[in-house]
Amino acid sequence: MYIKDGICYAGELVPEIEVSSIKILDDGMLLVEFSTGETRLFDVTSLLGKGSAFAPLAKEENRLTAKVTHGFVSWLDGEIDIAPETLYAESFKYSKEDYA
């Protein structure tokens, strides 16, 4: 638990994190660079089971519309987006050496 601006929150205080850049890969994968300097691998198709808002991402042409908008990733001109904290938590460590 922590208090910020006079409001008590459950959980741990997480430093603010933003998406700096992305690279769209094959098979619904994104290579995501965060403001922490880390690069992580995210499977966009993992969002398909998380509600109807993400259903359009089942089509590859919609996944290819990914872009960085104000520090988070969005698709379809902002119709769909995901918080950078969620993107970070649900992504995997990535190192060029691991995939060379």
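Conventions used here
- Residues numbered from 1 in each chain as written.
- Predicted model: local features only at pLDDT ≥ 70, side-chain atom pairs only at ≥ 80, totals over all residues.
- Heavy atoms only, no water.
- Helix = DSSP H or I, 4+ residues; strand = E, 2+ residues; numbered from the N terminus.
- Contact = heavy atoms within 4.5 Å.
- Buried < 20%, exposed > 50% of the residue type's maximum accessible area, 1.4 Å probe, protein only.
- Salt bridge = Lys/Arg side-chain N within 4 Å of Asp/Glu carboxyl O.
- Pairing = 2+ DSSP bridges.
- Axes fitted to C-alpha atoms, helices over the stretch in contact; angles between N-to-C directions.
- pLDDT = per-residue confidence, 0-100.

Things to note about the environment of valine 73
- Relative to the helices and strands, valine 73 is located in strand β7 (residues 72-75).
- Those residues within four positions of valine 73 in sequence are excluded, and the remaining contacts are Val19, Ile22, Leu30, Ala66, Lys67, Ile80, Asp81, Ile82 and Leu87.

Side note on unusual backbone geometry
- Phi is positive for histidine 70, which is not a glycine, with a value near 50 degrees.
- Looking at the element boundaries, histidine 70 is found in the loop between β6 (67-69) and β7.
- For histidine 70, a relative accessible area of 72% corresponds to the exposed category.

Structural notes on the pattern of salt bridges
- All chains considered together, the criterion is met by three salt bridges.
- A salt bridge links arginine 40 to glutamate 38; the shortest N-O distance between them is 3.9 Å.

A short note on the sheet that holds strand β5 (residues 39-43)
- Strand order in the open sheet formed by four strands is β3-β4-β5-β9, with antiparallel pairing between adjacent strands. Of all strands in the sheet, those with a lone pairing partner are β3 (19-24) and β9 (92-93), marking the two edges.
- Sheet topology places β5 next to β9; two bridges connect them, and they run antiparallel. Bridged to leucine 41 within β9 is phenylalanine 92.

Some thoughts on the sheet that holds β7
- If you walk across this open sheet you meet the three strands as β6-β7-β8, and the pairing is antiparallel. Taken across any chain shown, the strands that pair with only one partner, and hence form the sheet edges, are β6 and β8 (80-82). Across this sheet, the average inter-strand angle for adjacent strands is 40 degrees, counted without regard to direction.
- Taken together, the three bridges between β7 and β8 define a ladder with antiparallel strand orientation. Note that in β8 the partner of serine 74 across the bridge is aspartate 81.

As for the confidence of the model for the chain
- Mean pLDDT over the chain: 89, with 86% of residues reaching 70 or higher.
- Averaged pLDDT values over the elements of the chain bottom out at 69 in strand β1 (residues 2-4) and peak at 97 in β3.

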